[in-house]
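Residues per chain are reported as follows:
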Amino acid sequence: MKMDERRLVVVSNRLPIMVEAGENTLRLKPSCGGLVSALLPILSEQGGCWIGATGGAYDHRVVDALKRWCATQDYSLVPVFLTAAESASFYQGCSNEIIWPLFHGVPSRCNFGPEYWSGYCTANERFADGVEGAWKSGDFVWVHDYHLMLLAHVLRSRGADCRLAYFHHIPFPPPDVFEKLPWRMEMLGALAQFDTLGFQTARDRRNFVACLRRWLPGVRIYRGGERFVIRAAGHSAAIGNYPISVDYDDLAAEATSPAVLAGIEAIQQGISRASIILGVDRLDYTKGIPERLTAFEALLKTHPELRGHVTMVQIVVPSRESIPEYKELKLRIEMTVSKINGEYGSPGWVPIHYLHRCVSRAELVAFYRAAHVALVTPLKDGMNLVAKEFCASRVDDRGVLVLSEFAGAAEELRNGALLVNPYDTQGVVSALFLALAMSDSEQQQRMQTMRAHIREHNVFRWARTFRSQGFAARASRPPAFLPHSSPSFISSRLALMTHGR
Ligand code: GDG
């Protein structure tokens, strides 16, 4: 069977459809976020199955609603239900209060709640139940992101012999940061049980390999060009970096749709034809939103001639609102926006337009096209699809991307974007000033360079390359020179954790 003929089974923390269940109401709506943006076009094109949590405990109405919804699609959805307590320790706790901040290099934001780890193990068991229920022989099971790093271990310990691949969407930290994780050896031992592991950038892959070398006793690591093969506890895995991307053709086509053209006109009129600096982010402290607002304020302060002629539009998609830090961040952003608007605004000109909601895809593309500058300045980001979506939407070859050097996307887009250090307010101000004054021909040349790269390295190529690598990893036996057994104590520690509770 060829790789492309194998059914694709995606496993991720959340399904691409959110279910809001009230006492007498049930609403399904698409999720906003990078993982869904990247994977939905692939599943829509190839068919297959998506396993993920619904965000709630078992509810037969949700099962029925998802079945009805799936009847209209070319792929199926398999819900995983978690109780409120399980979600609290697995999702809010271990995933978002430990792994997320640690892997983004901010250990000071970690809350190492002792109960979180067992919640993480339990939830990985629940997802494994979902995979066991849906998996058919020959499927390619593709696990996504940091919530599910134990899944291969759990499935293997139940005897499942399926091909298991993992893609890590967020940064992987260097050893001196990773070492703070109390369960570092268990985590690495479990990751080593996938058949293929993919990272966004060469730096993430290097960090992962460095952590394995430092913390996984007995591991053997072999390099072949850009790929690594590791062998631990009798199992071989292939490791590579595969920068995720966007559905270029779809965005480019949408960019000239009547809805988007009408949207651009409405935006420009609403903003009195001032030049737009655009920010689009999920609400998250890693996205550098307050720092960006501060840079915009400094631009207005140091360049008074721009007042009234430039407007910032900041779209913030609500995210993780049950976590206190995210609530505080929202308040901080709102206070900063109102301070800047109060201080610099004048009749007929609002310096910052702040939208705290998920806008429709057509509206988003209209904003991409209406903007003069996309200001994408995360403090740390696995990739950042907004940067790539902005370029793919610019069918006019205009617009300037000001991009954080700490976004994974900077590795690929450095020849077209103006790269900045988001902590360097003056540096961001200078880049903005340069962007606003950039000639048409320079904008065109930079934008064409980035668009040509993204057109070729689109999301379908990303999935194809990853899947063929995963296929090759399983199809080929481990190289003969690899030593066999390695210490089994990692597996026994994991077995204790996941079964011995
Ligand atoms: C994670 C990693 C990595 C945003 N606002 C709206 C909206 N969005 C969509 C964008 C984009 C997605 O959300 C955000 O993707 P990012 O990549 O920027 O960030 P994360 O959500 O943090 O994603 C990230 C990604 O996974 C993929 O691997 O790049 O580093 O953190 O697609 O378009 N979509 C709509 N309305 C909005 O208001 N419709």
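Things to note about the overall build of the chain
Next up, step 1: Helix and strand content of the chain: 19 helices and 17 strands.
Next up, step 2: A compact globule built from 501 residues should have a C-alpha radius of gyration of about 23 Å, and the chain, at 23 Å, falls within 12% of that.
Next up, step 3: Counting only C-alpha atoms, the chain reaches 70 × 55 × 45 Å along its principal axes.
Next up, step 4: For the chain, buried positions account for 57% of its 501 residues.
Next up, step 5: Relative to all contacts within the chain whose residues are 6 or more apart in sequence, the contacts with residues 24 or more apart total 77%.
Next up, step 6: On the chain, roughly 19800 Å² of surface is accessible, and the fraction owed to carbon and sulfur atoms is 52%.
Next up, step 7: Each charge sign in the chain was given a centre, from 55 positive and 50 negative side chains, and these centres are 5 Å apart.

A word on the environment of His 457
Next up, step 1: Structurally, the position occupied by His 457 is in the loop between α17 (440–456) and α18 (459–475).
Next up, step 2: C-alpha of His 457 to C-alpha of Glu 412: the two residues are 45 residues apart in sequence and 9.8 Å apart in space.
Next up, step 3: Ignoring anything within four residues of it in the chain, the contact list for His 457 reads Ser 245 and Glu 412.

What about the pairing of strand β13 (residues 310–317)?
Next up, step 1: β13 sits mainly inside the fold: eight of its eight residues count as buried.
Next up, step 2: Here β13 shows a buried face lined by Val 310, Met 312, Gln 314 and Val 316 and a second buried face lined by Thr 311, Val 313, Ile 315 and Val 317.
Next up, step 3: Bridging between strand β12 (residues 275–282) and β13 involves eight bridges; their strand directions are parallel. Following the sheet pairing, Ile 276 is matched in β13 by Thr 311.
Next up, step 4: The β-α-β motif built from β12, the intervening helix α11 (residues 289–302) and the parallel element β13 has right-handed crossover chirality.
Next up, step 5: You can see the chain leave β13, run along helix α12 (residues 324–344) and come back into strand β14 (residues 352–355), and the turn it takes is right-handed.

With respect to the side chain of Arg 6
Next up, step 1: For Arg 6, the position within the fold is in the segment before β1 (8–14).
Next up, step 2: For Arg 6, a relative accessible area of 13% corresponds to the buried category.
Next up, step 3: Of the polar contacts made by the side chain of Arg 6, one reaches the backbone oxygen of Gly 138; its length is 3.1 Å.

Description of the state of the cysteines
Next up, step 1: For the structure on display, the rule yields zero disulfides.
Next up, step 2: Here Cys 70 is not disulfide-linked; the sulfur of Cys 49 is the nearest cysteine sulfur, at 8.6 Å.
Next up, step 3: Cysteine Cys 162 remains unbridged, with the sulfur of Cys 49 as its closest cysteine sulfur at 12 Å.

Concerning the layout of surface pockets
Rolled over the atoms, a probe sized like a water molecule indicates the empty space that remains.
Next up, step 1: Volume-wise, the second largest pocket comes out at about 370 Å³.
Next up, step 2: In terms of lining, the second largest pocket is formed by 23 residues, of which the most central are His 104, Gly 105, Leu 379, Lys 380 and Tyr 423.
Next up, step 3: Elements supplying a minimum of two residues to the lining of the second largest pocket: α8 (202–215), α11 and α12.
Next up, step 4: Looking at which element gives the most residues to the lining of the second largest pocket, the answer is α8, with three residues.
Next up, step 5: Partitioning the lining of the second largest pocket into residue classes produces 13 nonpolar, four polar and six charged.
Next up, step 6: Of the domains in this structure, domain 1 (3–244 + 460–499) and domain 2 (248–456) are the two that each give at least three residues to the lining of the second largest pocket.

So, the environment of Val 365
Next up, step 1: Along the chain, the position of Val 365 falls in helix α13 (residues 361–370).
Next up, step 2: In the structure, Val 365 is positioned 25 residues away from Phe 390 in sequence and 7.8 Å away in space, judged by C-alpha atoms.
Next up, step 3: In this structure, Val 365 is in contact with Leu 251, Glu 254, Ala 255, Val 260 and Ser 393, ignoring residues within four places of it in sequence.

Some details on helix α3 (residues 84–103)
Next up, step 1: In this model, α3 (20 residues) spans only 25 Å end to end at C-alpha, well below the 28 Å of a helix rising 1.5 Å per residue.
Next up, step 2: Maximal helix bending in α3 amounts to about 40 degrees, located at Ser 95.
Next up, step 3: Along α3, 16 of the 20 residues are buried, which leaves the element largely enclosed by surrounding structure.
Next up, step 4: The first or second residue beyond α3 is Gly 105, which carries a positive phi of 80 degrees.

Some thoughts on helix α14 (residues 385–393)
Next up, step 1: With nine of its nine residues buried, α14 lies for the most part within the structure.
Next up, step 2: Two or three places before Val 386, at the opening of α14, Asn 384 has a side-chain oxygen 3.0 Å from that residue's backbone nitrogen.

Examining the domain arrangement of the chain
Next up, step 1: When its domains are assigned, the chain resolves into domain 1 (3–244 + 460–499) and domain 2 (248–456).
Next up, step 2: Just the C-alpha atoms count here: the centres of domain 1 and domain 2 sit 31 Å apart.
Next up, step 3: On the domain 2 side, the residues contacting the 25 residues of domain 1 number 23 residues.
Next up, step 4: Across the domain 1/domain 2 interface, buried area totals approximately 2000 Å², and carbon plus sulfur atoms make up 57% of it.
Next up, step 5: Broken down residue by residue, the surface that domain 1 buries against domain 2 is led by Cys 32, Trp 100 and Arg 109, which jointly contribute 28%.

So, the sheet that holds strand β7 (residues 163–167)
Next up, step 1: Taken in spatial order, the nine strands line up as β5-β4-β1-β6-β7-β8-β11-β10-β9 in an open sheet, and their pairing is mixed. Where the open sheet ends on each side, the last strands, each with one partner, are β5 (75–80) and β9 (220–224). Strand-to-strand twist across the sheet, computed as the mean angle between neighbouring axes with direction ignored, equals 20 degrees.
Next up, step 2: Against the sheet, α8 touches β8 (196–199), β9, β10 (227–232) and β11 (235–241), its axis set at about 150 degrees to β11.

Conventions adopted
- Residues numbered from 1 in each chain as written.
- Predicted model: local features only at pLDDT ≥ 70, side-chain atom pairs only at ≥ 80, totals over all residues.
- Heavy atoms only, no water.
- Helix = DSSP H or I, 4+ residues; strand = E, 2+ residues; numbered from the N terminus.
- Rg over C-alpha atoms; globule rule 2.2 N^0.38 Å.
- Buried < 20%, exposed > 50% of the residue type's maximum accessible area, 1.4 Å probe, protein only.
- Contact = heavy atoms within 4.5 Å.
- Areas by Shrake-Rupley, 256 points an atom, 1.4 Å probe, with all protein chains shown as cover.
- Lys, Arg positive; Asp, Glu negative; His and termini not counted.
- Charge placed at Lys NZ, Arg CZ, Asp CG, Glu CD.
- Pairing = 2+ DSSP bridges.
- Right-handed = clockwise from strand over helix to strand, strands pointing away.
- Polar contact = N/O pair within 3.5 Å; in protein donor to acceptor, adjacent residues only side chain to side chain.
- Disulfide = S-S within 2.5 Å.
- 1 Å grid on protein atoms, 1.4 Å probe; cavity = no way out; pocket = protein on both sides within 12 Å on 5 of 7 lines; lining within 4 Å.
- Points joined across faces, edges and corners; volume = space filled by probe spheres on them.
- Nonpolar A, V, L, I, M, F, W, Y, C, P; charged D, E, K, R; others polar.
- Domains from an automatic or database assignment.
- Expected span 1.5 Å × (residues − 1).
- Bend = angle between axes of the 7 residues up to and from the residue.
- Buried area = accessible area lost by both parts, 1.4 Å probe.
- Axes fitted to C-alpha atoms, helices over the stretch in contact; angles between N-to-C directions.

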